[in-house]
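Notes for the structure review
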Amino acid sequence: MDLLCWSSVCLLILTFLSPKTLSMRYEVHSGQMKCISEDIHANSMTVGKYFIVNPNDEHHPLPDSHKIIVQVMSPQGTMLHEADNTESGQFSFTASETGSYLACITAVDHKPETTLTIDFDWRSGVHSQDWSKVVKKSQVEMMESSVKSLLDTIVSIHEEMYYLHERGEEMHELNRSTNSKMAWLSFLSLGVCLSVAGFQFWHLKSFFEKKKLI
């Protein structure tokens, strides 16, 4: 394989393994929306954070007009993140499917019209940096809840299996007891039948002897 071909292969591998990063600033006017799309592979970790750039000194609070609505949606339109009337935020999720994910930023309507500058950082891929720092507490709690739910399910399955095992033992013991009783009943029935047959034979013999037939 020549040098040019090796270079192409290496470039392709680096492109596939390198994380996707989208970090830019956008200007959004009051009452208007700006949408950003990102192609993400299934099972890829994705993180993002955003904030409104303060037009004044950073030590001063943002004006009341500087509020945004942020929505992040899957290719099928499922809402993955939503924040209303916020100044900043962050999100993280694992892509459930391959496709174009959409993030829309809407500047809250205000009169007179104001222009907001939004700093938006969106990263995806297995090499996303510091993703754990942007995971919300609620998402951690959701993961903990999912793990607890799985543990409860495992315990429930174990208890159900133990219960079924006990029921199986009880049914086995019942079958064995029933079979034993049926065996005794069969012997008893056979004894009764033989006794009745013997009595009938004796009765008939006595009858014929009285009649002097034998």
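Residues numbered from 1 in each chain as written. Predicted model: local features only at pLDDT ≥ 70, side-chain atom pairs only at ≥ 80, totals over all residues. Heavy atoms only, no water.

Applied cut-off: UniProt positions are given in the numbering used here, feature names are shortened, and annotations may be inferred rather than shown by experiment.
Under an unreviewed UniProt entry, the name given to the protein is GOLD domain-containing protein, and the organism recorded is Brassica cretica. Here is the UniProt Sequence similarities (unreviewed entry) comment for the protein, exactly as written: "Belongs to the EMP24/GP25L family." Check the Subcellular location (unreviewed entry) section of the UniProt entry for the protein; it says "Membrane".

Description of the side chain of His81
Put simply, the rule is: Helix numbering and strand numbering both begin at the N terminus, where a helix is a DSSP run of H or I of at least 4 residues and a strand a DSSP run of E of at least 2. Residues adjacent in sequence count toward polar contacts only when both atoms are side-chain atoms; beyond that, a polar contact is any pair of N or O atoms within 3.5 Å, and within protein one must be able to donate a hydrogen and the other to accept it.
Its location among the elements puts His81 in strand S5 (residues 79-86). Polar contacts involving the side chain of His81 include one to the side chain of Tyr50, which spans 2.9 Å.

With respect to the state of the cysteines
Defined as follows: To count as a disulfide, a pair of cysteine sulfur atoms needs to be within 2.5 Å.
For the coordinates displayed, the defined rule picks out one disulfide. Covalent S-S linkage joins Cys35 and Cys104, the inter-sulfur distance amounting to 2.1 Å. Taking the sign of the torsion about the S-S bond as the criterion, the disulfide between Cys35 and Cys104, at about 105°, is right-handed. Of this pair, Cys35 sits in strand S2 (residues 33-40) while Cys104 sits in strand S7 (residues 99-107), and the two are 69 residues apart along the sequence.

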